[in-house]
Amino acid sequence: MHQSLWQKFDQAARQWVPFSLAMFLMLFGLTPTYLPGYAPVAPMLSLIAIYFWSVYRPKAMGYGSAFAVGLLEDLLIGTPLGSTSLMLMLCRWIVFHQQKFFNGRPFHVVWAAFALV
């Protein structure tokens, strides 16, 4: 059976949106804000994106995507290469292996678990 052009576009978008959104949020989180005292408390938006996609669509956000986002973040920030990648992949691993806990839980429970991660 042949897929229409829109079906192919939809399938490609479903594959690339999680990774693209994680990259966008990572870059957005690295933009300078010039607010005094903001840098130490700035949220790590890439971690939020990896966590979200790992909970709600685990097949859409793989370990390779998490590694790539973390590696680029390390290159842009200047931290040791692989440190952010390791943290993002560890988050992905923890969430992936706790899928039974996350399935069917309300919003506040899922994000309270994020606070622990």
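Residues numbered from 1 in each chain as written. Predicted model: local features only at pLDDT ≥ 70, side-chain atom pairs only at ≥ 80, totals over all residues. Heavy atoms only, no water.

Draft legend 1. Quick look at the packing of aromatic side chains. If you walk through the whole model with that rule in mind, you get eleven aromatic pairs. Both rings, one in W111 and one in F114, keep their centres 5.2 Å apart while their planes meet at 65 degrees; by these two values the pair is edge-to-face. Taken together, the positions of W111 and F114, both in helix α6 (residues 107–116) and three residues apart, correspond to about one turn of that helix. Through pairs of rings, three or more aromatic residues link up here, namely Y51, F101, F102, F107, W111 and F114. Sitting over the ring of Y63, R92 keeps its end group 4.9 Å from the ring centre. (Phe/Tyr/Trp six-rings, centres within 6.5 Å; stacked < 30°, edge-to-face > 60°. Helix = DSSP H or I, 4+ residues; strand = E, 2+ residues; numbered from the N terminus. Lys NZ or Arg CZ within 6 Å of the ring centre and 35° of its normal.)

Draft legend 2. A look at the pattern of salt bridges. The final tally for this structure, using the stated rule, is one salt bridge. Note that R14 and D10 form a salt bridge whose closest N and O atoms lie 2.9 Å from each other. You can see R14 and its partner D10 sitting in helix α1 (residues 5–29), four residues apart, about one turn around the helix. The class for D10 is partly exposed, based on a relative accessible area of 37%. (Salt bridge = Lys/Arg side-chain N within 4 Å of Asp/Glu carboxyl O. Buried < 20%, exposed > 50% of the residue type's maximum accessible area, 1.4 Å probe, protein only.)

Draft legend 3. Molecular detail of the packing of α1 against helix α2 (residues 45–56). Two elements in contact, α1 and α2, have axes whose closest approach is 7 Å; the angle formed by their N-to-C orientations is 160 degrees. Accordingly, the angle class assigned to the pair α1 and α2 is roughly antiparallel. The handedness of the crossing between α1 and α2 comes out as right-handed. Residues V17, P18, L21, A22, L25, M26, F28 and G29 of α1 lie in contact with α2, whose contacting residues are L45, S46, A49, I50 and W53. (Axes fitted to C-alpha atoms, helices over the stretch in contact; angles between N-to-C directions. Parallel < 35°, antiparallel > 145°, perpendicular 65-115°, else oblique. Left-handed = near helix turned anticlockwise from the far one by under 90°. Contact = heavy atoms within 4.5 Å.)

Draft legend 4. Structural view of α1. The terminal C-alpha atoms of α1, which comprises 25 residues, lie 35 Å apart, in line with the 36 Å expected from a rise of 1.5 Å per residue. Bending of α1 peaks at approximately 40 degrees at the position of W16, with proline P18 no more than four residues after it. Among the residues making up α1, those that are buried are P18, F19, A22, M23 and M26. Tucked inside the fold, the buried residues of α1 contact α2 and α3 (63–77). (Expected span 1.5 Å × (residues − 1). Bend = angle between axes of the 7 residues up to and from the residue.)

Draft legend 5. Seen up close, unusual backbone geometry. Positive phi, close to 60 degrees, is recorded for Y34, a residue that is not glycine. Counting through the fold element by element, Y34 comes out in the loop between α1 and α2. Using a relative accessible area of 73% as the deciding quantity, one classes Y34 as exposed.

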